[in-house]
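# A closer look at the structure
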Amino acid sequence: MSTHAVSRIATKPTGRPLVHGAVTCPRPVPGAALRLFLFHHAGGSHLLYKDWEAELPADWEVCLLDAPGRGNLRDTPPIDNSVELVDFFSREILRWTSRPFAFFGHSMGALVAYELTRHLAAEKRRLPLWLGLSACGAPRPAHDDAEETGARPALTDDELRRLLRSLGGTPDVVLNEGALWRLFSPIFRNDFTLVDTWRPEADAEPLRVPTSVFGGDNDPMVRRESLAAWTDRTEHFLGLNMFDGGHFYLDSRRRSTVRRITAAVAAARRTAQEHID
C-alpha cells in the first residue's frame, strides 16, 4: 500500500460528532493534519460555524468553541471578563493541542483568539501556526474605546434590539419573541460587558504567529483602518481580507471566507517551513 493511500485512510473522517466540554468536533478526523479552532461572536455560540467543516480540507479537524452560558455549556454561568474567559479556553483546548492547530475568531471571538494566543506564548505552550481575526479592530488607547462600542451593557432592551438589528447575525425570532429575548438578552449583555471592558496590554510585543485579518466593507462597528492596524500586532501579517457585507459578512460569504482561510493557513505553513530550513 502506498504512503499516499495510508495517509488517506489515516485522515478519513469518522462521521460521528464529538463533544467534550466547550469543544464540539462535528467531523472527527483521526490523524488530522490540522485542527482549526473557531471562536464565536458576542451573544453567539458554535452554531455561527454550522457546516463549515464541509467547506474545509478533508484532513482538517474543525473544533467549535462555546463560551459558558450557551450551546453545550448553557447551564454553566457565563463569564464577563476577558482574562477569565481566555483562562477557561486555555484549559478546555489543552487536550486538543497535541497536533498542529490554528485559530479563527469572529468579533468577540477574534478578541479571545488573540488574547489566547498571547496567553499560550506567556505560558510557553505550543502556539497556533496561524491566527485569523475577523470583524474586530486592533487594540487602541483606552480613551478611544467608546468610539466603536459605546456603553452597550447599559442600553435599554429597545436600544439593544436596535443595535443587534443594525449588526445582523441575530435571528428575528430572538429579537421579537418575548420568551426568547428574556433568555438570550442576558448573554448579549454579558458578552458586551466583556468586550467593552477589555483592556489589552498597551505595549505588548507583536505576536510571532502569522496573522490574517478579515472584515466587511460596510461594517458599521469596525472600520477598515481599525482592521489594518493589526499589522502592528504581529511580525508576520499575511494580509487584510475585505468582503462585501457588514459585521456578519461571513453569513453570505462563507465559501469565500473559507477559501481564504485555507490559503492563509497554507501560507503560514510555508513561512514555518522556511524558518525550519
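Our subject is the structure that appears above.
Given the structure is predicted, the values throughout are model-derived calculations rather than measurements.

Attention now goes to the side chain of His41. In this structure, His41 sits in the loop between β3 (34-39) and β4 (60-65). When residues no more than four places from it in sequence are discounted, the contact partners of His41 are Leu48, His106, Ser107, Met108, Gly109, Asp191 and Phe248.

Time to look at helix α6 (residues 178-196). Compared with the 27 Å implied by 1.5 Å per residue over 19 residues, the 26 Å span of α6 between its first and last C-alpha is a close match. Along its length, α6 shows its largest kink, about 35 degrees, at Phe184, and proline Pro186 lies within four residues downstream of that point. Trp181, Ser185, Ile187, Phe188, Arg189, Asn190, Asp191, Phe192, Leu194, Val195 and Asp196 are the residues of α6 that are buried. Residues of α6 that are buried in the fold lie against α2 (82-92), α3 (108-122), α4 (157-167) and α5 (172-176).

By the definition in use, this model includes 16 aromatic pairs. Each ring, one from Phe101 and one from Phe103, has its centre 5.5 Å from the other, and the planes form 45 degrees; the classification is tilted. Between Trp130 and Phe214, the aromatic rings sit 6.3 Å apart at their centres with planes inclined by 85 degrees, giving edge-to-face as the arrangement. On the criterion of sequence distance, the pair formed by Trp130 in the loop between α3 and β6 (131-134) and Phe214 in strand β7 (residues 211-216) is long-range, its members being 84 residues apart. A single burial state applies to Trp130 and to Phe214, both of which are buried. These aromatic residues form a ring-pair network of at least three members: Tyr49, Trp52, Phe104, Trp130, Phe214, Phe243 and Tyr249.

Attention shifts here to the nonpolar core. In this structure, Phe89, Phe103, Phe104 and Trp130 are the most contacted members of the largest nonpolar core, which totals 75 residues. Tallying contributions element by element places α3 first for this core, with 8 residues.

Attention now goes to the environment of Ala202. For Ala202, the location among the structural elements is in the loop between α6 and β7. Given a relative accessible area of 72%, Ala202 falls into the exposed group. Each C-alpha atom of the pair Ala202 and Pro139 lies 7.7 Å from the other, and the pair is 63 residues apart in sequence.

A separate point is the pairing of strand β5 (residues 101-106). Taking burial as the measure, the 6 residues of β5 include 6 buried ones, the bulk of the element. What you see with β5 is no split at all: Phe101, Phe103 and Gly105 on one side and Ala102, Phe104 and His106 on the other are buried throughout. Across 5 bridges, β3 lies against β5 in parallel orientation. If you follow Phe39 over to β5, its bridge partner there is Gly105. A crossover connection joins β5 to the parallel β6 through α3; in handedness this β-α-β unit is right-handed.

It is worth spelling out unusual backbone geometry at this point. With a phi angle near 75 degrees, Asp51 is a residue other than glycine that sits in the positive phi range. Mapping Asp51 onto the fold places it in the loop between β3 and β4. Residue class for Asp51 comes out partly exposed when judged on its relative accessible area of 38%. Look at Ala135: it is not a glycine, yet its phi comes out positive at around 55 degrees. Tracing the backbone shows Ala135 in the loop between β6 and α4.

With respect to burial, β4 is a largely interior element, 6 of its 6 residues being buried. Burial of β4 is two-sided: the residues Trp60, Val62 and Leu64 facing one way and the residues Glu61, Cys63 and Leu65 facing the other way are all buried. Where strand β2 (residues 23-25) and β4 come together, 2 bridges link them in antiparallel fashion. Residue pairing for β4: Val23 is matched across the bridge by Leu65.

Let us now look at the side chain of Glu61. Along the chain, Glu61 turns up in strand β4. Taking relative accessible area as the criterion, Glu61 reaches 5% and is therefore assigned buried. Those residues in contact with Glu61 that sit more than four places away from it in its chain are Cys25, Arg27, Pro28, Val29, Ala32, Leu34, Arg35, Leu36 and Trp96.

The rules behind each value
Note on numbering: residues in each chain are counted from 1, in written sequence order. pLDDT decides what is reported in this predicted model: residues at 70 or higher carry local features, side-chain atom pairs at 80 or more are listed and counted, and totals for whole chains, interfaces and linings draw on all residues regardless. Where side-chain values are given, they derive from all heavy atoms of the structure, hydrogens and water being excluded. Numbering of helices and strands starts at the N terminus; helices are DSSP runs of H or I of at least 4 residues and strands are runs of E of at least 2. Whether two residues are in contact is decided by their heavy atoms: any pair within 4.5 Å suffices. Helix span, expected: 1.5 Å multiplied by one less than the number of residues in the helix. Note that bend, as reported per residue, equals the angle between axes fitted to the 7 residues terminating at that residue and the 7 residues originating from it. A simple rule labels every residue: compare its accessible area, found with a 1.4 Å probe on the protein chains alone, to the largest value its type can have, and call it buried under 20%, exposed over 50%, or partly exposed in between. Working definition: rings of Phe, Tyr and Trp (its six-membered ring) pair if their centres are within 6.5 Å, and the pair is stacked with planes under 30 degrees apart, edge-to-face with planes over 60 apart, and tilted otherwise. We define the nonpolar core as a collection of buried residues of types Ala, Val, Leu, Ile, Met, Phe, Trp, Tyr and Cys that are connected through side-chain atoms lying within 4.5 Å of one another. Paired strands, as defined in this entry, are two strands with at least two bridges between them according to DSSP. A clockwise course of the path from the first strand over the helix to the second, judged with the strands pointing away from the viewer, identifies a crossover as right-handed.

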